[in-house]
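# Residue-level structural notes
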Amino acid sequence: MTAREDRGRPTAKDAADDRTDPPALRRADWAPAAGRSRAELAADQVARLAAEAAPGSRLGTKDELRARCGISVGTFNETLRLLSARGVVTSRPGPGGGLFVAEQAPVTRLAHALLALDASAADVTEALRIRNALEPLLWQDALWHASLADVEHLRGLLVPMQSAVDSADVDAFVRANWRLHAQVADLTPHTLLRSLYVHLLGFVEQHALGVEPRPGVPLDEHIRDRCRLHAALVDTLGKRDEEQLMRLLSEHDTGGGDHRPGDPCDRRKPARVLH
(Lines give C-alpha, C1' and ligand atoms only; values in the text may rest on other atoms or scores of the structure.)
Protein backbone atom coordinates (compact mmCIF):
# COMPACT_ATOMS: atom_id res chain seq x y z
CA MET A 1 0.00 0.00 0.00
CA THR A 2 1.55 3.32 -1.05
CA ALA A 3 1.40 6.67 0.69
CA ARG A 4 -0.29 8.03 -2.41
CA GLU A 5 -3.14 5.53 -2.02
CA ASP A 6 -3.46 6.38 1.67
CA ARG A 7 -3.83 10.06 0.89
CA GLY A 8 -6.39 9.29 -1.82
CA ARG A 9 -5.23 12.33 -3.85
CA PRO A 10 -4.97 11.84 -7.63
CA THR A 11 -1.52 12.14 -9.19
CA ALA A 12 -0.40 12.49 -12.79
CA LYS A 13 -0.25 8.69 -12.96
CA ASP A 14 -3.87 8.52 -11.73
CA ALA A 15 -4.93 10.87 -14.49
CA ALA A 16 -3.13 8.74 -17.04
CA ASP A 17 -4.78 5.62 -15.64
CA ASP A 18 -8.19 7.25 -15.92
CA ARG A 19 -7.54 7.91 -19.60
CA THR A 20 -6.45 4.34 -20.21
CA ASP A 21 -8.98 2.02 -18.61
CA PRO A 22 -8.17 -1.50 -19.80
CA PRO A 23 -10.22 -2.67 -22.79
CA ALA A 24 -13.37 -4.58 -21.95
CA LEU A 25 -12.93 -8.20 -22.95
CA ARG A 26 -16.49 -9.29 -22.19
CA ARG A 27 -19.64 -8.13 -23.96
CA ALA A 28 -21.20 -7.07 -20.65
CA ASP A 29 -18.23 -4.73 -20.06
CA TRP A 30 -18.53 -2.78 -23.32
CA ALA A 31 -20.72 -0.20 -21.58
CA PRO A 32 -21.87 0.23 -17.98
CA ALA A 33 -25.13 -1.63 -17.40
CA ALA A 34 -28.25 0.54 -17.30
CA GLY A 35 -26.14 3.71 -17.45
CA ARG A 36 -24.16 2.84 -14.32
CA SER A 37 -20.52 3.86 -14.01
CA ARG A 38 -17.54 1.52 -13.87
CA ALA A 39 -17.01 2.57 -10.25
CA GLU A 40 -20.58 1.55 -9.32
CA LEU A 41 -20.26 -1.80 -11.07
CA ALA A 42 -16.93 -2.44 -9.33
CA ALA A 43 -18.49 -1.50 -5.98
CA ASP A 44 -21.20 -4.12 -6.56
CA GLN A 45 -18.52 -6.69 -7.42
CA VAL A 46 -16.57 -6.05 -4.22
CA ALA A 47 -19.82 -5.96 -2.20
CA ARG A 48 -20.66 -9.44 -3.49
CA LEU A 49 -17.27 -10.65 -2.28
CA ALA A 50 -17.90 -9.06 1.10
CA ALA A 51 -21.37 -10.62 1.33
CA GLU A 52 -19.83 -14.07 0.94
CA ALA A 53 -17.17 -13.49 3.62
CA ALA A 54 -17.35 -13.19 7.39
CA PRO A 55 -17.14 -9.75 9.04
CA GLY A 56 -13.49 -8.81 9.60
CA SER A 57 -12.26 -11.02 6.76
CA ARG A 58 -9.46 -9.66 4.59
CA LEU A 59 -10.54 -9.19 0.97
CA GLY A 60 -7.08 -8.22 -0.32
CA THR A 61 -4.99 -5.15 -0.97
CA LYS A 62 -6.34 -2.21 -2.92
CA ASP A 63 -4.15 -3.12 -5.87
CA GLU A 64 -5.33 -6.75 -5.81
CA LEU A 65 -8.99 -5.78 -5.76
CA ARG A 66 -8.50 -3.06 -8.37
CA ALA A 67 -6.86 -5.61 -10.69
CA ARG A 68 -9.69 -8.06 -10.02
CA CYS A 69 -12.23 -5.40 -11.02
CA GLY A 70 -10.17 -4.40 -14.07
CA ILE A 71 -10.40 -0.65 -13.53
CA SER A 72 -8.00 2.26 -13.19
CA VAL A 73 -6.61 3.65 -9.95
CA GLY A 74 -8.74 6.77 -10.18
CA THR A 75 -11.90 4.76 -10.84
CA PHE A 76 -11.10 2.43 -7.95
CA ASN A 77 -10.71 5.42 -5.63
CA GLU A 78 -14.34 6.28 -6.45
CA THR A 79 -15.29 2.63 -5.89
CA LEU A 80 -13.73 2.79 -2.42
CA ARG A 81 -15.69 5.94 -1.66
CA LEU A 82 -18.94 4.17 -2.59
CA LEU A 83 -18.05 1.09 -0.55
CA SER A 84 -17.14 3.18 2.48
CA ALA A 85 -20.41 5.12 2.22
CA ARG A 86 -22.32 1.82 2.13
CA GLY A 87 -20.40 0.52 5.16
CA VAL A 88 -19.20 -2.52 3.23
CA VAL A 89 -15.42 -2.39 3.82
CA THR A 90 -12.82 -0.88 6.10
CA SER A 91 -9.22 -0.07 5.20
CA ARG A 92 -6.19 -0.92 7.33
CA PRO A 93 -2.66 0.36 6.58
CA GLY A 94 0.68 -1.37 7.08
CA PRO A 95 1.91 -4.95 6.64
CA GLY A 96 -1.01 -7.34 6.39
CA GLY A 97 -3.32 -4.43 5.73
CA GLY A 98 -5.73 -3.84 2.88
CA LEU A 99 -9.50 -3.96 2.64
CA PHE A 100 -11.54 -5.90 5.18
CA VAL A 101 -15.22 -6.78 5.45
CA ALA A 102 -16.82 -4.23 7.78
CA GLU A 103 -18.83 -5.21 10.83
CA GLN A 104 -22.41 -4.50 9.76
CA ALA A 105 -25.83 -4.34 11.32
CA PRO A 106 -28.08 -7.33 10.43
CA VAL A 107 -30.18 -5.26 8.02
CA THR A 108 -27.06 -4.01 6.23
CA ARG A 109 -25.69 -7.55 5.93
CA LEU A 110 -29.02 -8.70 4.53
CA ALA A 111 -29.02 -5.94 1.92
CA HIS A 112 -25.53 -6.80 0.76
CA ALA A 113 -26.26 -10.52 0.77
CA LEU A 114 -28.82 -9.80 -1.95
CA LEU A 115 -25.99 -8.46 -4.09
CA ALA A 116 -24.51 -11.95 -4.04
CA LEU A 117 -27.50 -13.22 -6.01
CA ASP A 118 -27.07 -13.49 -9.75
CA ALA A 119 -29.56 -12.96 -12.53
CA SER A 120 -30.39 -16.64 -13.07
CA ALA A 121 -34.02 -17.48 -13.63
CA ALA A 122 -34.02 -19.49 -10.39
CA ASP A 123 -32.78 -16.55 -8.31
CA VAL A 124 -35.21 -14.10 -9.92
CA THR A 125 -38.12 -16.48 -9.42
CA GLU A 126 -37.23 -17.10 -5.78
CA ALA A 127 -36.78 -13.38 -5.10
CA LEU A 128 -40.16 -12.74 -6.71
CA ARG A 129 -41.89 -15.40 -4.56
CA ILE A 130 -40.48 -13.90 -1.37
CA ARG A 131 -41.32 -10.37 -2.42
CA ASN A 132 -44.90 -11.34 -3.24
CA ALA A 133 -45.24 -13.09 0.12
CA LEU A 134 -44.30 -9.84 1.87
CA GLU A 135 -46.93 -7.75 0.06
CA PRO A 136 -49.85 -8.49 2.45
CA LEU A 137 -47.68 -7.57 5.46
CA LEU A 138 -46.78 -4.21 3.93
CA TRP A 139 -50.34 -3.32 2.93
CA GLN A 140 -51.65 -4.36 6.36
CA ASP A 141 -49.02 -2.18 8.04
CA ALA A 142 -50.02 0.68 5.74
CA LEU A 143 -53.67 0.14 6.69
CA TRP A 144 -52.93 0.76 10.36
CA HIS A 145 -50.07 3.24 10.15
CA ALA A 146 -50.78 5.45 7.13
CA SER A 147 -51.96 8.96 7.97
CA LEU A 148 -54.51 10.81 5.86
CA ALA A 149 -51.59 12.73 4.34
CA ASP A 150 -49.87 9.42 3.49
CA VAL A 151 -53.01 8.16 1.75
CA GLU A 152 -53.31 11.38 -0.24
CA HIS A 153 -49.67 11.03 -1.28
CA LEU A 154 -50.36 7.50 -2.50
CA ARG A 155 -53.36 8.80 -4.46
CA GLY A 156 -51.01 11.30 -6.07
CA LEU A 157 -48.78 8.42 -7.18
CA LEU A 158 -51.78 6.86 -8.92
CA VAL A 159 -51.98 9.87 -11.26
CA PRO A 160 -48.91 8.99 -13.38
CA MET A 161 -50.12 5.37 -13.44
CA GLN A 162 -53.44 6.47 -14.94
CA SER A 163 -51.68 8.81 -17.37
CA ALA A 164 -49.52 5.92 -18.55
CA VAL A 165 -52.64 3.78 -19.05
CA ASP A 166 -54.30 6.57 -21.07
CA SER A 167 -51.24 6.87 -23.31
CA ALA A 168 -50.65 3.07 -23.44
CA ASP A 169 -47.09 3.64 -22.19
CA VAL A 170 -46.25 0.34 -20.50
CA ASP A 171 -42.74 1.40 -19.44
CA ALA A 172 -44.09 4.53 -17.74
CA PHE A 173 -46.80 2.48 -16.04
CA VAL A 174 -44.24 0.02 -14.64
CA ARG A 175 -42.06 2.84 -13.29
CA ALA A 176 -45.09 4.46 -11.63
CA ASN A 177 -46.18 1.07 -10.26
CA TRP A 178 -42.73 0.60 -8.71
CA ARG A 179 -42.87 4.03 -7.06
CA LEU A 180 -46.26 3.24 -5.52
CA HIS A 181 -45.09 -0.05 -4.05
CA ALA A 182 -41.88 1.48 -2.73
CA GLN A 183 -43.93 4.20 -1.00
CA VAL A 184 -46.26 1.63 0.56
CA ALA A 185 -43.18 -0.16 1.89
CA ASP A 186 -41.96 3.10 3.38
CA LEU A 187 -45.06 3.24 5.60
CA THR A 188 -44.23 0.15 7.65
CA PRO A 189 -42.63 0.81 11.04
CA HIS A 190 -40.66 -2.45 10.72
CA THR A 191 -37.15 -1.72 9.43
CA LEU A 192 -36.28 -5.31 8.55
CA LEU A 193 -39.48 -5.85 6.55
CA ARG A 194 -39.04 -2.58 4.68
CA SER A 195 -35.37 -3.17 3.89
CA LEU A 196 -35.89 -6.75 2.73
CA TYR A 197 -38.85 -5.82 0.51
CA VAL A 198 -37.20 -2.78 -1.09
CA HIS A 199 -34.00 -4.67 -1.89
CA LEU A 200 -35.93 -7.62 -3.30
CA LEU A 201 -38.03 -5.23 -5.33
CA GLY A 202 -34.90 -3.62 -6.75
CA PHE A 203 -33.40 -7.00 -7.61
CA VAL A 204 -36.54 -8.19 -9.36
CA GLU A 205 -36.98 -4.91 -11.22
CA GLN A 206 -33.37 -5.09 -12.44
CA HIS A 207 -33.48 -8.66 -13.71
CA ALA A 208 -37.07 -9.50 -14.70
CA LEU A 209 -38.08 -8.57 -18.20
CA GLY A 210 -41.37 -8.20 -20.00
CA VAL A 211 -44.99 -7.81 -19.00
CA GLU A 212 -47.23 -10.71 -19.85
CA PRO A 213 -50.99 -10.20 -19.36
CA ARG A 214 -53.36 -12.99 -18.48
CA PRO A 215 -54.03 -15.36 -21.39
CA GLY A 216 -56.45 -13.79 -23.84
CA VAL A 217 -56.24 -10.31 -22.25
CA PRO A 218 -54.75 -7.46 -24.34
CA LEU A 219 -51.83 -5.68 -22.69
CA ASP A 220 -53.56 -2.28 -22.57
CA GLU A 221 -56.57 -3.85 -20.85
CA HIS A 222 -54.28 -5.64 -18.42
CA ILE A 223 -52.53 -2.49 -17.22
CA ARG A 224 -55.89 -0.70 -16.98
CA ASP A 225 -57.16 -3.47 -14.68
CA ARG A 226 -53.98 -3.28 -12.56
CA CYS A 227 -54.36 0.48 -12.27
CA ARG A 228 -57.96 0.14 -11.05
CA LEU A 229 -56.91 -2.53 -8.55
CA HIS A 230 -54.15 -0.36 -7.07
CA ALA A 231 -56.53 2.59 -6.80
CA ALA A 232 -58.97 0.36 -4.87
CA LEU A 233 -56.16 -0.80 -2.57
CA VAL A 234 -55.24 2.78 -1.75
CA ASP A 235 -58.90 3.59 -1.06
CA THR A 236 -59.10 0.80 1.53
CA LEU A 237 -56.23 2.44 3.43
CA GLY A 238 -58.23 5.64 3.82
CA LYS A 239 -61.28 3.65 4.98
CA ARG A 240 -59.28 1.33 7.29
CA ASP A 241 -61.27 -1.51 5.71
CA GLU A 242 -59.19 -4.61 6.47
CA GLU A 243 -61.72 -7.10 5.10
CA GLN A 244 -61.82 -5.32 1.73
CA LEU A 245 -58.04 -4.97 1.76
CA MET A 246 -57.53 -8.71 2.14
CA ARG A 247 -59.99 -9.45 -0.65
CA LEU A 248 -58.16 -7.07 -2.96
CA LEU A 249 -54.77 -8.47 -1.97
CA SER A 250 -55.97 -11.91 -3.01
CA GLU A 251 -56.83 -10.46 -6.42
CA HIS A 252 -53.56 -8.51 -6.42
CA ASP A 253 -51.54 -11.69 -5.95
CA THR A 254 -53.07 -13.27 -9.05
CA GLY A 255 -50.94 -10.81 -10.99
CA GLY A 256 -47.82 -12.66 -9.88
CA GLY A 257 -47.71 -14.38 -13.25
CA ASP A 258 -46.94 -11.06 -14.92
CA HIS A 259 -43.23 -11.52 -14.31
CA ARG A 260 -40.94 -13.15 -16.82
CA PRO A 261 -37.23 -13.57 -15.97
CA GLY A 262 -35.07 -12.17 -18.71
CA ASP A 263 -31.87 -13.33 -20.30
CA PRO A 264 -29.19 -12.46 -17.71
CA CYS A 265 -26.67 -11.94 -20.49
CA ASP A 266 -28.66 -9.17 -22.15
CA ARG A 267 -28.49 -5.96 -20.13
CA ARG A 268 -29.84 -3.75 -22.91
CA LYS A 269 -33.48 -4.68 -22.39
CA PRO A 270 -35.52 -2.57 -19.96
CA ALA A 271 -36.82 -4.16 -16.79
CA ARG A 272 -40.64 -4.14 -16.83
CA VAL A 273 -42.41 -5.77 -13.93
CA LEU A 274 -45.99 -5.36 -12.76
CA HIS A 275 -47.53 -6.33 -9.46
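Residues numbered from 1 in each chain as written. Predicted model: local features only at pLDDT ≥ 70, side-chain atom pairs only at ≥ 80, totals over all residues. Heavy atoms only, no water.

Here three strands make up an open sheet; going across it, the order is E1-E3-E2 and the pairing antiparallel. A strand with exactly one partner marks an edge of an open sheet, and here the two such strands are strand E1 (58-60) and strand E2 (89-92). Adjacent strand axes in the sheet meet at a mean angle of 35 degrees when their direction is disregarded. Bridge count between E2 and strand E3 (residues 98-101): four bridges; the pairing is antiparallel. Looking at the pairing, Ser91 lines up with Leu99 of E3. (Pairing = 2+ DSSP bridges. Helix = DSSP H or I, 4+ residues; strand = E, 2+ residues; numbered from the N terminus. Axes fitted to C-alpha atoms, helices over the stretch in contact; angles between N-to-C directions.)

Two quantities define a packed helix pair, namely the angle between the axes and the distance from one axis to the other. With their axes 8 Å apart at the nearest point, helix H8 (residues 148-166) and helix H9 (residues 170-186) run at an angle of 165 degrees to one another. As the angle between them shows, H8 and H9 are arranged roughly antiparallel. Crossing handedness for the pair H8 and H9: left-handed. Within the contact between the two elements, H8 uses His153, Leu154, Leu157, Leu158, Pro160, Met161, Ala164 and Val165 and H9 uses Ala172, Phe173, Ala176, Asn177, Arg179, Leu180, Gln183 and Val184. When grouped by side-chain class, the residues that make up the contact of H8 with H9 number twelve nonpolar, three polar and one charged. (Parallel < 35°, antiparallel > 145°, perpendicular 65-115°, else oblique. Left-handed = near helix turned anticlockwise from the far one by under 90°. Contact = heavy atoms within 4.5 Å. Nonpolar A, V, L, I, M, F, W, Y, C, P; charged D, E, K, R; others polar.)

Viewed as axis vectors pointing N to C, H9 and helix H11 (residues 219-239) meet at an angle of 20 degrees, and their least axial separation amounts to 11 Å. The orientation of H9 relative to H11 falls into the category roughly parallel. H9 and H11 meet at a crossing whose hand is left-handed. Along the contact surface, H9 presents Val170, Phe173, Asn177, Leu180 and His181, while H11 presents Leu219, Ile223, Arg226, Cys227, His230 and Val234.

Before going further, it helps to spend a moment on the confidence of the model for the protein. Per-chain confidence: the protein averages 75 in pLDDT, with 69% of residues scoring 70 or above. Low pLDDT (under 50) marks residues 1-34, which in the prediction has 37 contacts with non-local residues, meaning those over four places away or in another chain. Overall, residues 255-273 carries pLDDT values under 50, and its contacts beyond four positions in sequence, including any with other chains, amount to 59 contacts. (pLDDT = per-residue confidence, 0-100.)

All right, on to helix H4 (residues 62-69) then. Considered for burial, the residues of H4 that qualify are Lys62, Leu65 and Cys69. Along the axis of H4, the buried positions cluster into a sector of 70 degrees, meaning they face one direction only. Opposite the buried face of H4, by more than 90 degrees, sit the exposed residues Ala67 and Arg68. The first or second residue beyond H4 is Gly70, which carries a positive phi of 70 degrees. (Buried < 20%, exposed > 50% of the residue type's maximum accessible area, 1.4 Å probe, protein only. Arc of directions from axis to C-beta.)

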